[in-house]
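Letter by letter, the chains look like this.
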Amino acid sequence: MSSAKFKKEFKDFDCARDFKLAHQVLCIQEFNFENESIVGYVDMLFHPLVPDLRKVKINCKQCSIHRVVVNGIWEADVSYNDPILEICQNDNKLRTFDYFQACHSAAVLAVDADSGNGELSVKLPDDFLPSILEMKPFHVMIEFSLERPQGGIKFVVPDTDGTLLDRGAHLFTCGRENSSRLWFPCIDCFSESCTWKLEFTVSMYMVAVSVGDLVETIYTSDLRRKTYHYYMSVPTAAPNIAVAVGPFEIFVDPNMHEVTHFCLPRLLPLLKHTTSFFHEVIEFYEETLSTRFPYTCYKQVFVDMAYSDIAPYASMTICSLYLLTNKRVIDQTPVTRQLLAQAVAQQFFGCFISMNSWCDAWLPKGLATYLCSHYRSKSFGNNALRYSIAKDMREVCDHEQQVGPVVLDPSVVRDVASYLPMKSPHTTSPIYSAIYEKKAHLIMRMLALKIGTVFMFQVLNKLLTLASNASKMKFSANAWSNMLISTSSFLKCISSVTGKDCGTFVEQWVHQGGVARFVGSFVFNRKRNVVEIELRQDWTAKGTMKYAGPLTIMIQELDGTFPHTFMIEENKTRFEITCHSKSRRQKKKKIPLSTNEEVEMNLDDTDPDSPVLWLRVDPEITILRHVKLEQPDFMWQYLLRYERCVTSQHEAICALEQFPTPKSRNALMTVIDDSKMFYLVRIDAAKCLTKVANAMAETWGGPPAMMSLFHKMFGSRACETIVRQNDFSNFQQYYVQKAIPVAMAGLRTVHNICPSDVSEFLLRLIEFNENSKNKFDDGYYRAALVDALAATVTPAVTPVTVTGYVPSSDCLATETKSVLEEVTLYMNMEKLLPCFHLAVTVSCLKAFSTLQLLGHLPPVPGIFKSYASEGHILSVRLAALEALVSYAATESSSEILTWLLDLVESDAEPFVRFRVIQMLTTKPPYSKRENSLMSAELQDRLWNMMNSKFAYDSRLRCAVVDLYFVLFGKSRPSIQSSEDIMYDTPFVKSEDSRGSLHGKRRNYSPSLPYEMKVPDFSSEVKVESSYQNEDENVMKLKLHIGGPGSAHSGSSRSSSPAKFPFIHQPFGGPSFSLIEEARKYPVNVPFSSSDVQQSPSYSIDSSDAVPKAAMEVIVKDDAKDEDNSLELSESSHSFLSAPSSPEYDPHDFERSSSPKPQPSRKLFGSSAFPFATEPPGLRLGPSALGSSISSPMPAFVSSTSSWLPSLSSSAVSEFTGPTGSGLSEPRLSVSGNFRDKAGDLQMKPERKRKRSTSGSRPLNLSSYRASSSDSSGSSPTFHRESSPDDLI
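Residues numbered from 1 in each chain as written. Predicted model: local features only at pLDDT ≥ 70, side-chain atom pairs only at ≥ 80, totals over all residues. Heavy atoms only, no water.

Student: Where do I start with the overall build of the protein in this structure?
Tutor: When its secondary structure is counted, the protein shows 32 helices and 45 strands. Among the 1288 residues that make up the protein, the fraction classed as buried is 58%. As displayed, the protein offers around 53,000 Å² of accessible surface, 49% of which is attributable to carbon and sulfur atoms. (Helix = DSSP H or I, 4+ residues; strand = E, 2+ residues; numbered from the N terminus. Buried < 20%, exposed > 50% of the residue type's maximum accessible area, 1.4 Å probe, protein only. Areas by Shrake-Rupley, 256 points an atom, 1.4 Å probe, with all protein chains shown as cover.)

Below, the structure is given as structure tokens:
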């Protein structure tokens, strides 16, 4: 082919690469489950686009490249560059969020295949260049291997006994879009499609499932291995290539033989039931789109530890095994069916027709969800679809108004109010992505309403027809371009089918973000018989836009429903609507509704002079909007009772929360009792009735709300107070039966406590629950009852904080004790008779967390840590992790926060790691105002996570970015990282010392006194806050002594001015450094009394011997007091079981030989036995478990070894400060003896002639008893009292 002819052929082809990929061979020759490795090669057929092609850039990450050969002859030189491995390099001075964002965008662009870039650069040999000049195609063969992958492909090898077959070992590919580069070399973008030949060699007992048609399976001569050969004749992009290998059981769909399902051993019965409906989905799509399924076959593989619930690839979907269900389970079935239907819809749009670039991602995502929504309407009803659309719209509106606008096509947007770039899947926030997909569906639905549903399906049919024709063509310049979709090509297709120009619509809703926000009110003009409506836009708020276009207002009058459409303009806000009816004074009348149904209404509550019953703004949700319409309460009540639109009913329910009147109560109870109402509306009405009843607590008469309704609907015919046997054959009634008890549990009296009648009612429901004759499982119903019990608990008047003894169930209120006993019983019963997905265990863990958070149980995280560990079912782990996140937030526990971050870094299940970060983002461990957990270590750790730790999992990396932004914002935190701290001031030997510092395992003198020379604090150390007591002339400082650090010896590190004191050890002994481990802030302490206004705070960390602790230092001004020494009291020790108590005098332990016991929240220590561990097995109360049940229970026991760190030294440090600024040589004295292995803690506070306790935070000694340290020492030793091994 001549160069001129070649250029003419590619004239209109837009490609950033200098070559075109026509075909690729992927051969994996070995899967090693023991080493978690794969070995194989790829062979790529390229067509050059320019005659001066010298390099070919290919995407490849975390693979080892062994050899690269061009055309099977020439060895090629390769270079590798992956800036994503470390986003910011040498960034100690530029550690800001904006800097990271800029570096992140640049790093992703540097390896973006759509821009012609890649990690692997193959230099073509010089001997091969003549072939390039002739524009001949060429092959590039790359041999590679992959070991211990951190992303892209997941090995699941359970740590149990037996062979790989017995353990169900398997693997599968996973990741976000454009993640195929993580497991084989490729052109990793959706715009580069080609045909594929795939070969996978596995063991005899393994099955390899991949995309395309299975051509053949070849066995080795010894019958120990076999090779699967797949061929994908439909041009497919690399991100849509996948493989799954494992001992799968195979099930061919009996109703559609082209569909095959795969699952792990012993799950075949669940697989058969789960997929029994599946053929209906494909048949519905084919009928709706008037076209055939784009592939000749389809495969579904259910795996463990899935990256997401569904991961669609070309002709194949990898699903989570937790989607499998059985015929007795109700709750999981609709969820599974919707997800599997969504996966099939993405085969049409997303796999077969893929996006041209990431900026066009809204098209395949929106079209697939729009197609799936029609199946949901057919399968679950139109009300379910409309309700979900309204819910998604509320979520999108809330997100945009709280966070910022969501732009579907950011290609033409320069500045977007987002802290993460949106032009690549590797830089997009997971939170943003979820809202992005929902908004894409909503905008696609709006477009369908604009051009007509029939025309929309004609457009889809044309897109699929063009793509199908293109897929059958041989490779040429742009023959496969119709298999890509972009915003411009989509608009062109709409114009050719319908003749309508949707450019304005796309410009308003796709190329810019925001939602329309309306605030409206109206009055009826009796003289003119018109409704005067004032509808104004609020486009100044965050995430809003200025809407211009049509808007429909529906008015329900006495003579029927009348729609009115207005053009919303910039300045026009007032509209007049002439009524078709006249006011009538009849009390009852049959009113025609919008559904052409006539209902008889009692008009006593209406305005006799007005024919208007209610108004609705944009009832069909034709635009993305937030509407606040002011109407009288009776209009909302009529709308709720008689309107048939579920979205309008939901709006009415939300509005009635603001009208807690008897008429609102009656309207809500009528809706709950009406079985013809949509069940989700009834559930919403029950929740609203709870709020209305609580607002009417003072005037409420009769039994608690909904109790009589529940007895009427579900009570026994012989005795309504006893619930009848379970019968869940009516699914809508089943969901209402689950929801009412939970709603009732939220009822409160005027004293803000749950009525005793409600608690007794819920206990009776649990006691008389009978499911023996029900053909459906009641696990989720029992879980809802446990949730209801937990919701009845109110905050404890006095939290459980008394030390010295372990509280029993007698300490609790009667209702709380009953709740605790029932939850414990259910927890034990679940181990004997587990329900589906252990739903009851999940609710019990949530109940335990609620009891702890409300102060009825001591806040001990041990039980949740045991259930959050690997080996438990996913739902249980997530519930336990959610409880730990709440614990970290409420208790300000740095230990639990560190444990959670450790889990994020090391857990084997990718989805668990991702969900933990999401939980922390949703419920941060601290707020910006209360930043007790903020530290340089936390900031360093999160920065390292998003900078380099998660380079192979972009979803997790972006989730950490979300968390970092929530905790620290876009500006640089006020704390400093460890790299920014300098240590220069040495210690010198002191002539007057009162203690020693020594280590157990070091060879040096046991007593080495030191005196620290402090630099000029007025210029070297900064004080964040300080407090000065004018009466007692006292300035108070807070010091933090940190954990072990690196020992230092020799002279100071540099000759530059000291930022912080550094302790230097002469004579080769141990070192004791300040800010050595925590390295909090560069500090500047003004010692002038006029400069000190608040409590100054800075940190000191010791090296190797001193436990982390917080100390308060009292500095006295010698100008007003002779005693100018520093007074020390300890507080909030991290190794103690209890925080300090404000009721305790910090000097009591100096006046007596034994400490004074004080209240403590941590009664039971910091560890707990899991339920399935060795005894002690415990029960709550005599009736909690019964005589026949003795399943081990968690023991909230004390663990002294986990409370007290391993320490052994005598510590004395003195420092003499500057004599200026009105203070003369303040002095700090600390003496202590810390044993190496959880031994005795000795402290000897220095006595002062005059004491000041104002504002001090004393050492809490509530869990310790005093004893003499030795025969000669005078300082007391405190031993922790052990707690009994039983639960309350």
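Now that the structure has been shown, we can carry on.
Student: What is the right way to look at helix 23 (residues 839-853) in this model?
Tutor: Every α-helix winds through 3.6 residues per turn, so residues three or four apart in the chain are directed the same way. Over its 15 residues, helix 23 extends 21 Å from the first C-alpha to the last, a length consistent with the 21 Å expected when each residue adds 1.5 Å. In terms of burial, helix 23 is largely enclosed, as 12 of its 15 residues are buried. Buried within helix 23 are the following residues: Ala839, Val840, Thr841, Val842, Ser843, Cys844, Leu845, Ala847, Phe848, Ser849, Leu851 and Gln852. On its buried face, helix 23 sits against helix 21 (779-791), helix 22 (814-832), helix 24 (862-868) and helix 25 (874-891). Once helix 23 finishes, glycine 855 follows within two positions and takes phi at roughly 90°, a positive value. (Expected span 1.5 Å × (residues − 1). Contact = heavy atoms within 4.5 Å.)

Student: Help me understand the environment of valine 396 in this model?
Tutor: Positionally, valine 396 belongs in helix 9 (residues 382-402). Valine 396 has contacts with Ile435, Lys438, Lys439, Leu442 and Leu624, leaving out every residue within four places of it along the chain.

Student: Where do I start with helix 9 in this structure?
Tutor: Its 21 residues give helix 9 an end-to-end C-alpha distance of 30 Å, which sits within 8% of 30 Å, the value for a rise of 1.5 Å per residue. Every buried residue of helix 9 is listed here: Leu385, Arg386, Tyr387, Ser388, Ile389, Ala390, Asp392, Met393, Val396, Cys397, His399 and Glu400. Buried residues along helix 9 sit in contact with helix 8 (362-380), helix 10 (430-451), strand 31 (625-629), helix 15 (646-656) and helix 17 (679-695). Once helix 9 ends, the next one or two residues include glycine 404, with phi positive near 155°.

Student: Help me understand the sheet that holds strand 2 (residues 37-48) in this model?
Tutor: Sheet strands associate in pairs through backbone hydrogen bonding, adopting either a parallel or an antiparallel arrangement. Spatially, eight strands are ordered 5-4-8-2-1-11-14-13 in an open sheet, and the strand pairing comes out mixed. In this open sheet, the two strands that pair with only one neighbour each are strand 5 (74-75) and strand 13 (213-219). Across 10 bridges, the pairing between strand 2 and strand 8 (residues 138-147) is antiparallel. Bridging from a neighbouring strand, glycine 40 pairs with phenylalanine 144 of strand 8. (Pairing = 2+ DSSP bridges.)

Student: When you look at the sheet that holds strand 27 (residues 574-578) in this model, what are you seeing that I'm missing?
Tutor: Taken together, four strands build an open sheet; the order of strands is 27-24-23-31 and the sheet is mixed. Every interior strand has two partners, whereas the edge strands, strand 27 and strand 31, have only one. Pairs of neighbouring strands in the sheet enclose a mean axial angle of 25°, with direction left out of account. (Axes fitted to C-alpha atoms, helices over the stretch in contact; angles between N-to-C directions.)

Student: Sorry if this is basic, but what is going on with the pattern of salt bridges here?
Tutor: Pairing between side chains of opposite charge can happen when their charged atoms approach one another. In the structure shown here, the tally under the stated rule is 37 salt bridges. Between glutamate 119 and arginine 181 there is a salt bridge; the shortest N-O distance is 3.1 Å. Residue glutamate 119 is located in the loop between helix 2 (97-110) and strand 7 (120-123), and its partner arginine 181 is located in the loop between strand 10 (170-173) and strand 11 (193-203); the two are separated by 62 residues in the primary sequence. As far as the burial class goes, glutamate 119 and arginine 181 line up, both buried. The salt bridge involving arginine 528 is made with glutamate 532; its shortest N-O contact spans 3.8 Å. For glutamate 532, a relative accessible area of 19% puts it in the buried group. (Salt bridge = Lys/Arg side-chain N within 4 Å of Asp/Glu carboxyl O.)

Student: What is the right way to read the environment of serine 276 from this model?
Tutor: Summarising the element assignment, serine 276 is placed in the loop between helix 5 (268-274) and helix 6 (278-289). The sequence separation of serine 276 and proline 254 amounts to 22 residues, and the corresponding C-alpha distance is 8.8 Å. Engagement of the side chain of serine 276 in a polar contact is seen with the backbone oxygen of histidine 273, the distance being 2.9 Å. (Polar contact = N/O pair within 3.5 Å; in protein donor to acceptor, adjacent residues only side chain to side chain.)

Student: What should I look at first to understand the packing of helix 10 against helix 11 (residues 453-471) in this one?
Tutor: Working note: a packed helix pair is described by the angle between its axes plus the distance between those axes. Where helix 10 contacts helix 11, the two axes come as close as 6 Å, and the packing angle between them is 115°. With respect to each other, helix 10 and helix 11 are oriented roughly perpendicular. Residues Met444, Leu447, Ala448 and Ile451 of helix 10 form the contact with helix 11, whose participating residues are Thr453, Phe455 and Met456. Of the residues in the contact of helix 10 with helix 11, the class split is six nonpolar, one polar and no charged. (Parallel < 35°, antiparallel > 145°, perpendicular 65-115°, else oblique. Nonpolar A, V, L, I, M, F, W, Y, C, P; charged D, E, K, R; others polar.)

Student: Before we go on, may I ask you to explain the packing of helix 23 against helix 25 in this structure?
Tutor: Put simply, helix 23 and helix 25 touch, their axes get as near as 8 Å, and they point 10° apart. Comparing their axes, helix 25 and helix 23 come out roughly parallel. Across from Thr841, Val842, Leu845, Lys846, Ser849, Gln852 and Leu853 in helix 23, the residues of helix 25 making contact are Ser875, Val876, Ala879, Ala880, Glu882, Ala883, Ser886, Tyr887 and Thr890. Tallied by class, the residues present in the contact of helix 23 with helix 25 amount to eight nonpolar, six polar and two charged.

Student: Please clarify how the confidence of the model for the protein should be interpreted in this entry.
Tutor: Keep in mind that low pLDDT regions are not for reading the predicted coordinates in detail. Mean pLDDT over the protein stands at 76; residues scoring 70 or higher make up 71%. Counted against residues more than four places away or in other chains, residues 801-805, with its pLDDT under 50, gives 14 contacts. Contacts for the low-pLDDT stretch residues 977-1288, under 50 throughout, to residues beyond four places or in other chains number 721 contacts. (pLDDT = per-residue confidence, 0-100.)

Student: Could you clarify how one ought to interpret the pairing of strand 9 (residues 153-156) in this entry?
Tutor: Looking down a regular strand, the side chains alternate between one sheet face and the other. Every second residue of strand 9 is oriented toward a common face, with Ile153 and Phe155 on one face and Lys154 and Val156 on the other, all of them buried. Inspection of the sheet shows strand 9 paired to strand 10 by four bridges, in the antiparallel sense. For phenylalanine 155, the partnering residue across the bridge sits in strand 10 and is leucine 171.

Student: When you look at the packing of aromatic side chains in this model, what are you seeing that I'm missing?
Tutor: To describe a pair of aromatic rings, you give the distance between the ring centres and the angle between the ring planes. This model, assessed by the stated rule, comprises 43 aromatic pairs. Geometry around tryptophan 539 places lysine 546 over its ring, the cationic atom sitting 4.5 Å from the centre. Just above the ring of tryptophan 700 sits the side chain of arginine 665; from NZ or CZ to the centre is 4.6 Å. (Phe/Tyr/Trp six-rings, centres within 6.5 Å; stacked < 30°, edge-to-face > 60°. Lys NZ or Arg CZ within 6 Å of the ring centre and 35° of its normal.)

Student: Would you take a moment to explain the pairing of strand 18 (residues 298-303) for this structure?
Tutor: Counting buried positions along strand 18 yields six of six residues, so the element is predominantly enclosed. In terms of strand pairing, strand 17 (residues 259-263) meets strand 18 through four bridges, oriented parallel. Each residue of the ladder has a partner; that of histidine 261, found in strand 18, is glutamine 300. Sheet analysis places strand 18 next to strand 20 (residues 316-320), joined by five bridges and oriented parallel.

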